[in-house]
Amino acid sequence: MMGRTKWIYVAGLITHFVLIILVTSRQTLSVFLQNKTAGPGPLMPRVAELEHVETMALGGDLPTSNLWRRAVVAYTNGTGINTGYGFFAPTVAIPRKLVFEIRYASGEVEYELPRVGDKATGLRLVLLLEAIANTDNVLLRKTMLKMMAFSVWQRHREAEAIRVVFGTVMWPSASEFRRGKRAEYDVLFAYDFRFSADVSPLNR
Amino acid sequence: MHDLTKRLNAFLFPQESDRWLTLFRIGLALQVVFYTLSSRADWNEIFSEKGYTLVNRGLNEALLSGEGVWVPRLGWLVDLGHGFGWSEVVVLRGSWVILLSAGLCLLAGVLTRPAAITAWFLHLSAVKSEEFLSYGMDNFTTIGLFYLMLCPLPDRLSADWRLGKRPWQSSEVRGFFRRVLQMHVCLIYFFGGFTKCMGVGWWNGDSLWRALNSPPYDLISSQTLASWSFLLPAAGMAVCLLETAYPLLIWIKRTRLPCLMAICGMHVGIALVMGLHLFSSIMIILNLAAFGPDFSFSWPNRLTEFRKRTA
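Residues numbered from 1 in each chain as written. Chains lettered and ligands numbered in written order. Predicted model: local features only at pLDDT ≥ 70, side-chain atom pairs only at ≥ 80, totals over all residues.

Some words on the overall build of chain A
Phase 1 of the analysis: Looking only at helices and strands, chain A features 6 helices and 4 strands.
Phase 2 of the analysis: If you list the helices and strands of chain A from N to C, you get α-α-α-β-β-α-α-β-α-β.
Phase 3 of the analysis: Along the first, second and third principal axes, the C-alpha atoms of chain A reach 80 × 50 × 35 Å.
Phase 4 of the analysis: Within chain A, buried positions represent 25% of all 204 residues.
Phase 5 of the analysis: Across chain A, contacts joining residues at least 24 apart in sequence account for 58% of those joining residues at least 6 apart. (Helix = DSSP H or I, 4+ residues; strand = E, 2+ residues; numbered from the N terminus. Buried ≥ 20, exposed ≤ 12 C-beta atoms within 10 Å, placed from the backbone. Contact = placed C-beta atoms within 7 Å.)

Dropping the structure here:
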C-alpha cells in the first residue's frame, strides 16, 4: 500500500509534471500567438488568456526579486525543464550569417567569418547567431557583436575598424533550387567598431 | 478510493530490476565524457569572464542573474576559488577535469551518487554560464543527470555494488523513477511533435529541406537532396506523426518495439545526416533507459527472476 514516503514521492511527481506541462504548453501557445502556424484565428484571445495564466503561475509577471519566481526559475533550470520541446518547430529558423569586414588605414579590406576551436562549438555558434537575431534589445545585440568583433581585432591589431555585417541566408525551396535559384544573402544590420590596445571593448 | 490508490501504487511504483538504471548510468556517463572532451578546445575561452571568442561568461551570467540568482553557474566556483587564491584559469580547467572525472566515475560505477551529483552540478553550471550557446541536448542531459542523481544507486553492474554498497531505496522507488522518466520522455515527444504539426513546412517537406540545408547541418549536398526531395514531405509528416503519437505507440505492447526502433532510427539519422551526435545520443539514451529491451508490463515474472538472481 501507499505509505507516507510514497505520497511524498507522488506530491513531488505532481509538482514536477505540472511545471513541465506549464512550461511546454506555454511555449506551444506562444507559437500560436506568434502567427507562425496555421492555428485557429478565432481562438487567439482565449489562447492569449491561457498563456497569460500560465505565465502568472510560473511567476513570470512577478518582480525578479520575488521568492516564488526565484524558486520556480531555480527549480526549472536545475531540472532542465525551463524550456519547451519545440526544436525545429513549428518551422526551421532562417539561417543567419555573420561576416567581419576588417578595414585597414590603407583602404584594404579583408573578410573573415567567426572562428571557433572545435566542431562542437561550431554547432553552438548557430544558436548564438539566432539569439542575436531574435533579441529586441539593441544594446545587448550590439554588445554581443562587439565582443565577437573584438576577438577578430585581436588577430588584426593594425586594423582601423571592424565592420560587423549580420544577415540572413534566404534559401530557395527544393523546386526553386532545381530550377537553378541559389541562396541569397540579405543584410539585417551592420555595426562599425574601433578598438585600441589599452581599452576593454565593453568600456568603449 | 481504496482501489484507486491501489492502482496508482501499481502504476507509479512497479517493482523493477535495475537493468534500465545500469543503461541510464553508463549512457549518461558516456554523454558527460563526450560532452567534456568535445568542448575541451574552447572551454577556457568560452567560460572566461573576459573571453572574446564568442559571448563571454561575464555577459551570460549577468543576464542569468537578471532572470534568477539561484541558478548554478561557473561564476560561483570562480568566486569560491578566488577565496583560496586560485585564478580563474585554474578553476575553469579544474572544473573541466572534475566534470570529466565525474563522467568516468559514473562509467565505472565508482562513488556513483557523488559522481552523479557532481556531474549534474558542473554540467548545469557550464550550460547556464553559456546560455546563448546551449540547446536541447544540454537540457536533456540536465534532465537525465537530475533523475540519475535521485535514482536508487548503485546498480548491480557498478563497482560500488561489488564493493558491497547497496541502494537505500527499494526496487519500487527504482520503478517510480523509471515511470517518471517514461512520462517525461512521452511529454517531450508529444509537445515536440505537436508544435511541428502546427507548422505547414513540416507537411510539405520545406522544413526538412531547410533543416538539411542550413549550415552547419548541411552534411548532404543540396544537389543530392534536391534529387531526393520528393521524399521530404513524406519524411516530414512521418516525423510529425511519430513524435506526436509516441506516447500512445510506446505504451501499446504491439507497437512499442517498432516505435522505439523508429524513434532511435530517427535519431541515428539526425546524427549521420546533420552531425548532431550528442543530441542524438542523449535522446537514444533516454529512450532506451525509459522503454528499453527489458521494459514489459509482465513485470512479475521478470521480478521473480531478478529476485532469484540477487538472492
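Some points on the overall build of chain B
Phase 1 of the analysis: Looking only at helices and strands, one finds 17 helices and 0 strands in chain B.
Phase 2 of the analysis: Expected size for 311 residues packed as a compact globule is a radius of gyration near 19 Å; at 22 Å, chain B falls within 12% of this value.
Phase 3 of the analysis: Within chain B, buried positions represent 47% of all 311 residues.
Phase 4 of the analysis: When contacts within chain B are restricted to residue pairs at least 6 apart in sequence, long-range pairs at least 24 apart make up 70% of them. (Rg over C-alpha atoms; globule rule 2.2 N^0.38 Å.)

A look at the sheet that holds strand β3 (residues 161-170) of chain A
Hydrogen bonding along the main chain pairs the strands of a sheet, whether they run parallel or antiparallel.
Residue and element names in this part refer to chain A.
Phase 1 of the analysis: Overall, antiparallel pairing links the 4 strands, which are arranged β2-β1-β3-β4 in an open sheet. Each of the sheet's edge strands pairs with one partner strand only, and the pair in question is β2 (109-112) and β4 (184-193). Within this sheet the neighbouring strands show an average axis-to-axis angle of 25 degrees, counted without direction.
Phase 2 of the analysis: Relative to β2, strand β1 (residues 96-103) runs antiparallel, the two sharing 4 bridges. Bridge pairing in β2 links F100 to E112.
Phase 3 of the analysis: On the sheet, helix α5 (residues 138-155) packs against β1, β2, β3 and β4 and is oriented at approximately 120 degrees with respect to β3. (Pairing = 2+ DSSP bridges. Axes fitted to C-alpha atoms, helices over the stretch in contact; angles between N-to-C directions.)

Remarks on unusual backbone geometry
Phase 1 of the analysis: A:P90 follows A:A89 through a cis peptide bond whose omega is 0 degrees.
Phase 2 of the analysis: Relative to the helices and strands, A:P90 is located in the loop between α3 (67-79) and β1.
Phase 3 of the analysis: Here the amide bond leading from B:P215 into B:P216 is cis, since omega sits at 5 degrees, within 30 degrees of zero.
Phase 4 of the analysis: Mapped onto the elements, B:P216 comes out in the loop between α12 (206-213) and α13 (222-227).
Phase 5 of the analysis: The residue A:F88 is not glycine, and still its phi comes out positive at about 55 degrees.
Phase 6 of the analysis: When you line up the elements, A:F88 lands in the loop between α3 and β1.
Phase 7 of the analysis: Assessed through the 23 C-beta atoms surrounding it within 10 Å, A:F88 is described here as buried.
Phase 8 of the analysis: The phi dihedral of B:L111 is positive, around 50 degrees, even though this residue is not glycine.
Phase 9 of the analysis: For B:L111, a count of 20 C-beta atoms within 10 Å corresponds to the buried category.

Notes on the nonpolar core
Phase 1 of the analysis: In terms of nonpolar packing, the biggest core is built from 104 residues, with A:A149, A:I162, B:L106, B:A119 and B:L286 touching the most fellow members.
Phase 2 of the analysis: Once you skip the residues sitting within four places of it in the chain, B:L106 turns out to touch B:R25, B:L28, B:A29, B:V32, B:T112, B:A115, B:A116 and B:A119. (Core = buried A, V, L, I, M, F, W, Y, C linked by C-beta atoms within 7 Å.)

Quick word on the interface of chain A and chain B
Phase 1 of the analysis: Contacts between chain A and chain B engage 61 residues on the former and 62 residues on the latter.
Phase 2 of the analysis: Those elements that place two or more of their residues in the side of chain A that touches chain B are α1 (4-33), α3, α4 (119-134), α5 and α6 (174-178) of chain A.
Phase 3 of the analysis: It is α4(A) that contributes the most residues to the side of chain A that touches chain B, 10 residues altogether.
Phase 4 of the analysis: Taken together, the residues of the side of chain A that touches chain B break down into 35 nonpolar, 20 polar and 6 charged. (Nonpolar A, V, L, I, M, F, W, Y, C, P; charged D, E, K, R; others polar.)

Things to note about the pairing of β4(A)
All names here are of chain A.
Phase 1 of the analysis: Sparse coverage of β4 is indicated by the burial of 1 of its 10 residues.
Phase 2 of the analysis: Examined bridge by bridge, β3 and β4 share 9 bridges and lie antiparallel to one another. Each bridged residue has a counterpart across the sheet, and for F166 the counterpart in β4 is F189.

Considering helix α4 (residues 57-67) of chain B
Residue and element names in this part refer to chain B.
Phase 1 of the analysis: Regarding α4, the residues found buried are R57, N60, E61 and L64. In a view along the axis of α4, the buried residues occupy a sector of 90 degrees, so they form one face of it. Seen from the open side of α4, the exposed residues pointing more than 90 degrees away from its buried face are A62 and G66. (Arc of directions from axis to C-beta.)

Thoughts on the packing of helix α5 (residues 74-83) of chain B against helix α7 (residues 112-129) of chain B
Residues and elements named next belong to chain B.
Phase 1 of the analysis: With their axes 7 Å apart at the nearest point, α5 and α7 run at an angle of 105 degrees to one another. Of the possible angle classes, the one that applies to α5 and α7 is roughly perpendicular. Residue-level inspection shows L74, G75 and L77 of α5 in contact with α7, the latter providing S125, A126 and S129.
Phase 2 of the analysis: Considering only residue class, the contact of α5 with α7 consists of 3 nonpolar, 3 polar and no charged. (Parallel < 35°, antiparallel > 145°, perpendicular 65-115°, else oblique.)

Observations concerning the confidence of the model for chain A
Phase 1 of the analysis: When the pLDDT values of chain A are averaged, the result is 88; 93% of them are 70 or greater.
Phase 2 of the analysis: Between the elements of chain A, mean pLDDT differs from a low of 85, seen in α4(A), to a high of 95, seen in α3(A). (pLDDT = per-residue confidence, 0-100.)

A word on the confidence of the model for chain B
Phase 1 of the analysis: With 93% of its residues at a pLDDT of 70 or more, chain B shows a mean pLDDT of 91.
Phase 2 of the analysis: Predicted complex metrics record ipTM = 0.91 and pTM = 0.90.

Regarding the environment of A:W7
Phase 1 of the analysis: Mapped onto the secondary structure, A:W7 falls in helix α1.
Phase 2 of the analysis: Measuring from C-alpha to C-alpha, the distance between A:W7 and A:V187 comes to 57 Å, with 180 residues separating the pair along the chain.

Details of the packing of helix α8 (residues 136-150) of chain B against helix α10 (residues 171-197) of chain B
Residues and elements named next belong to chain B.
Phase 1 of the analysis: At a closest axis distance of 10 Å, the pairing of α8 and α10 adopts a crossing angle of 165 degrees. With respect to each other, α8 and α10 are oriented roughly antiparallel. Remark: the crossing between α8 and α10 carries right-handed chirality. Contact residues: α8 offers I143, Y147 and L150, while α10 offers F177, V180, L181 and H184. (Left-handed = near helix turned anticlockwise from the far one by under 90°.)

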